[in-house]
Amino acid sequence: QVQLVESGGGSVQPGGSLRLSCAASTYTSSTSCMGWFRQAPGKEREMVVDIDNYGRKRYARFVQGRFTISQDNAKNTLYLQMNNLKPEDTAMYYCAADRRPCRVIDGQYNYWGQGTQVTVSS
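Small disclaimer: the values here were computed from a predicted structure and weren't measured.

Undergrad: Help me out: how do you make sense of the nonpolar core in this one?
TA: Generally speaking, a soluble globular protein has its nonpolar side chains buried in company with each other. Judged by nonpolar contacts, the single largest core of 28 residues is most densely connected at Leu4, Trp36, Leu80 and Met82. Of all the elements in the fold, those that place two or more residues in this core are strand 3 (18-24), strand 4 (33-39), strand 5 (46-52), strand 7 (67-72), strand 8 (77-82), strand 9 (91-98) and strand 11 (116-120). Aside from chain neighbours lying at most four places away, what touches Leu4 is Cys22, Ala23, Ala24, Met34, Cys95, Ala96, Ala97, Tyr111, Trp112, Gly113 and Gln114. Grouped together as the second largest cluster of nonpolar side chains are six residues, Cys33, Ala96, Cys102 and Tyr109 included.

Undergrad: Where do I start with the sheet that holds strand 1 (residues 4-7) in this structure?
TA: One key point about sheets: their strands pair by backbone hydrogen bonds, in either a parallel or an antiparallel sense. Here four strands make up an open sheet; going across it, the order is 1-3-8-7 and the pairing antiparallel. Pairing within the sheet leaves two strands with one partner each, and these edge strands are strand 1 and strand 7. Geometrically, the sheet is characterised by an average inter-axis angle of 15° between neighbouring strands, direction not taken into account. Relative to strand 8, strand 7 is paired through six bridges, and the arrangement is antiparallel. Paired with Ser70 across the bridge in strand 8 is Tyr79.

Undergrad: What should I look at first to understand the environment of Tyr79 in this one?
TA: Inspection of the secondary structure puts Tyr79 in strand 8. Each C-alpha atom, one on Tyr79 and one on Cys22, is 6.2 Å from the other, the two residues being 57 residues apart in sequence.

Undergrad: Can you help me understand the layout of surface pockets in this one?
TA: It is a probe the size of a water molecule, rolled over the atoms, that shows where empty space is left. Put simply, the largest pocket is a space of about 180 Å³. Taken together, Ser32, Asp50, Asp52, Asn53, Tyr54, Arg56, Arg58, Pro101, Cys102 and Arg103 make up the lining of the largest pocket. Among the secondary structure elements, those contributing two or more residues to the lining of the largest pocket are strand 5 and helix 1 (102-105). Grouping the constituent residues of the lining of the largest pocket by class yields three nonpolar, two polar and five charged.

About the thresholds
- Here the residue numbers are simple positions, counted from 1 along each chain's written sequence.
- Since the coordinates come from a predicted model, pLDDT governs what is reported: local features require at least 70, and pairs of side-chain atoms require 80 or more to be given and counted, while whole-chain, interface and lining totals use all residues.
- Note that the side-chain values use all heavy atoms of the structure and ignore hydrogens as well as water.
- Side-chain atoms within 4.5 Å link the members of a nonpolar core, which is a set of buried Ala, Val, Leu, Ile, Met, Phe, Trp, Tyr and Cys residues.
- Remark: exposure states derive from per-residue accessible area (1.4 Å probe, protein chains only) relative to the maximum for the residue type, with buried under 20%, exposed over 50%, and partly exposed in between.
- Segments assigned H or I by DSSP are reported as helices when at least four residues long, segments assigned E as strands when at least two residues long, and all are numbered from the N terminus.
- Contacts are assigned to residue pairs with any non-hydrogen atoms lying within 4.5 Å of each other.
- Two strands make a pair as long as DSSP finds a minimum of two bridges between them.
- Only the stretch in contact is used when fitting a helix axis, every axis being a line fitted to C-alpha atoms; angles between N-to-C directions are given from 0 to 180 degrees.
- Cavity means a closed set of points on a 1 Å grid over the protein atoms alone, one where a 1.4 Å probe fits but cannot get out, pocket means an open set with protein on both sides within 12 Å along at least 5 of 7 lines, and lining means a residue has an atom within 4 Å of a point.
- Grid points are joined across faces, edges and corners, and a volume is the space filled by probe spheres set on the points.
- Residues are grouped as follows: nonpolar covers Ala, Val, Leu, Ile, Met, Phe, Trp, Tyr, Cys and Pro; charged covers Asp, Glu, Lys and Arg; every other residue, Gly included, is treated as polar.

Shape is all these values report; function is a separate question.
Right, dumping it as C-alpha cells:
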C-alpha cells in the first residue's frame, strides 16, 4: 500500500508561482511511475506530467515550459514547480503512483492522494 499526501496549493495572481509537494509512504523502493494530475470543475481529470524510475518525464502540451517535476528520493517526495500561472490552471491537483511502468498505466494509477487546490485569479 502506497499512501500519498499533497501540499503546497493556494491562491495566487496570474503570473505567480507555486511549488506542490507529494510525500509518499514509499517511493524509490515501491514505485515505478509517479505523476501529477489536475481536475477543474466540469472537466475530466487530465495528466500534467509523469516521471518513471529512470527519471524520464512526459509533460502535457498545456504546460508550455512553465512547470517542472522533480523528486527527492531520500525523502520519498515528488515536487511540481509551477511558474507563470494562468487562470486556466485553476484546479484540484493530485499526485499519483503505481508500481507498473509509466508506459502501461494510461492514467489508471493504483494510488492517489487527496489533492491540493490551486486557484489563479486577479
